[in-house]
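# Observations on chain architecture
Letter by letter, the chains look like this.
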Amino acid sequence: MQVTVNVNGRDHTREVEPRTLLVHFLRDDLGLTGTHWGCDTSNCGACVVLMDGEPAKSCTVLAATAAGHEIRTVEGLEVDGVLDPVQQGFTEEHGLQCGFCTAGMMLTARALLDSVPDPTSLTDAEIRDAISGQICRCTGYATIVRSIRWAAEHPKEEQPA
Amino acid sequence: MQVPAPFEYERATSVEEALKLLAELGADARLLAGGYSLLPMMKLRLATPKWIVDIDPLAAELGYVEEDGDAIRIGAMTTHRDLLESELLAGRAPIFRDAEREIADPVVRNRGTIGGALCQADPSEDLSAVCTALGAEIVVRSLAGERVLHMEDFYRGPYQTAVADDEMAVEIRVPLHDRSSSAYEKINRRVGDWAVAAAGAALTIEDGVIADAGIALVAVGSEVASTAAREALLGREPAEALFEEAAAAGAAACTPITDQRGTAAYKRHAVGVLAARALGRAAERLALEVA
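Since this is a predicted model, take the numbers as computed values, not measurements.

## Some remarks on the sheet that holds strand 3 (residues 51–54) of chain B
All names here are of chain B. The three strands lie next to each other as 1-3-2, forming an open sheet whose pairing is parallel. Only two strands of the sheet have a single neighbouring strand rather than two, namely strand 1 (8–11) and strand 2 (29–32). Going across the sheet, the axis of each strand differs from the next one's by a mean of 25 degrees, ignoring polarity. As paired elements, strand 1 and strand 3 share four bridges and run parallel to each other. Paired with tyrosine 9 across the bridge in strand 3 is isoleucine 52.

Here you go:
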């Protein structure tokens, strides 16, 4: 079947099998390998992407279903060479070691920061809860939480219109 | 790599269209809602439908939580997250928020739906227990019309419901009483795991006695509704000793098995403790003076 999925603001049309999962569509059909493919069982969260701004595990979403939504992957965080504050935060606070969980963690962080009017008011417990469906097997949770906190405290500067 | 076996795909953009597809495709078709139960089952070949009818486009049409006279109406495509965040449910049926805090994880809760959870009919799943404790009714629709099924009649045992091949669950109705409350207690080893054991309780008090009660015991056998616990409570004055007695009766009657989450004896003990706690918390929320 033919599907058209909007990824990072662009429509991509491909011929796929109906059973194609979004994670494989992104990686194999579009070459967007920043989204990682982990446990396959919707447990680990390495494959998290944003669907209409909300985190979803792309190993458990059909590409055909995604056709009705706007998908944002880690490749869509950086805009015109400027890193998203979340990416900057992961750099500043050493939020990654092996990097396998990082794309999913950063997208969930982006959604979390976008979901509250004042991200600086987020508690560590709220940040931890938001990423509780994602596993860092380097167990670097403390630095991931610090990285998200850094991003909360360094919001993207509004571009002059 | 785990992928489902090949299937044909249809996308329904209205309930009417979904029902037409189900009528046409019959037993060969499965509805795909949030996908977090069905797709894993398909990856494991525990489910091999020939047709998938994707009802993702019905998220708006069937996504609502509304008070309607003496009931709360919940659309079948309402997500776990919307149930968790609903102030209406938190106030009138707090068992929902209790359970939702512990269901899967926040990312899964963004997509998983109440209709999907109930139709999966997993006796270890929390919303089936919540709806059982509350005595909820499920509205099931086909092209021929609607049926309203009490949870007792809807749930037919593990992975089986009374929903026919040409029907779909469209709404859940939670009865409301002025003097009722509810609570949920769960032990799970880590975020996203199934319950080791869990218990849901709902109490309705009239003239100082328990006029109605619902007790659901989770992950301790194929029966979710605990008749033994319910019967121990009806017509009696709420009291801590009574809650313990009822919980013990429920625990004695359940049928847990030993597995990697614990021994049968441990689960039986745990579910009794959880049921007594859930009853106590429901009573506390009614601001009852409990002896």
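## Observations regarding the sheet that holds strand 3 (residues 48–51) of chain A
All names here are of chain A. A sheet is described by the order of its strands in space; here five strands give the open sequence 2-1-5-3-4, paired in mixed fashion. Two strands bound the open sheet, and with one partner strand each, they are strand 2 (10–15) and strand 4 (54–57). Strand after strand, the sheet turns through a mean of 40 degrees between neighbouring axes, direction not considered. As paired elements, strand 1 (residues 2–7) and strand 2 share six bridges and run antiparallel to each other.

## Brief notes about the domain arrangement of chain A
All names here are of chain A. In terms of domain boundaries, chain A breaks down into domain 1 (2–76) and domain 2 (85–153). Centre-to-centre, using C-alpha coordinates, domain 1 lies 21 Å away from domain 2. In this assembly, 17 residues from domain 1 lie in contact with 13 residues from domain 2. With both sides pooled, the region where domain 1 packs onto domain 2 buries about 1,100 Å², and carbon together with sulfur makes up 65% of that total. Applying the counting rule to domain 1 against domain 2 returns three residue pairs in polar contact (both at pLDDT 80 or more).

## Some details on the nonpolar core
Nonpolar side chains in soluble globular proteins tend to be buried together. Counting residues in each nonpolar core, the largest one holds 41 residues, and the members touching the most others are Ile74, Phe96, Ile114, Leu118, Leu127 and Ile172 of chain B. Examining the composition of this core, we find that six residues originate from one element, helix 8 (residues 126–134) of chain B, more than from any other. Here this core spans two domains, since at least three of its residues come from each of domain 2 (65–174) and domain 3 (193–285) of chain B. Counting 33 residues, the second largest nonpolar core, distinct from the first, contains Val7, Leu22, Leu32 and Val61 of chain A.

Definitions and cut-offs
- Residues numbered from 1 in each chain as written.
- Chains lettered and ligands numbered in written order.
- Predicted model: local features only at pLDDT ≥ 70, side-chain atom pairs only at ≥ 80, totals over all residues.
- Heavy atoms only, no water.
- Pairing = 2+ DSSP bridges.
- Helix = DSSP H or I, 4+ residues; strand = E, 2+ residues; numbered from the N terminus.
- Axes fitted to C-alpha atoms, helices over the stretch in contact; angles between N-to-C directions.
- Domains from an automatic or database assignment.
- Contact = heavy atoms within 4.5 Å.
- Buried area = accessible area lost by both parts, 1.4 Å probe.
- Polar contact = N/O pair within 3.5 Å; in protein donor to acceptor, adjacent residues only side chain to side chain.
- Core = buried A, V, L, I, M, F, W, Y, C linked by side-chain atoms within 4.5 Å.
- Buried < 20%, exposed > 50% of the residue type's maximum accessible area, 1.4 Å probe, protein only.

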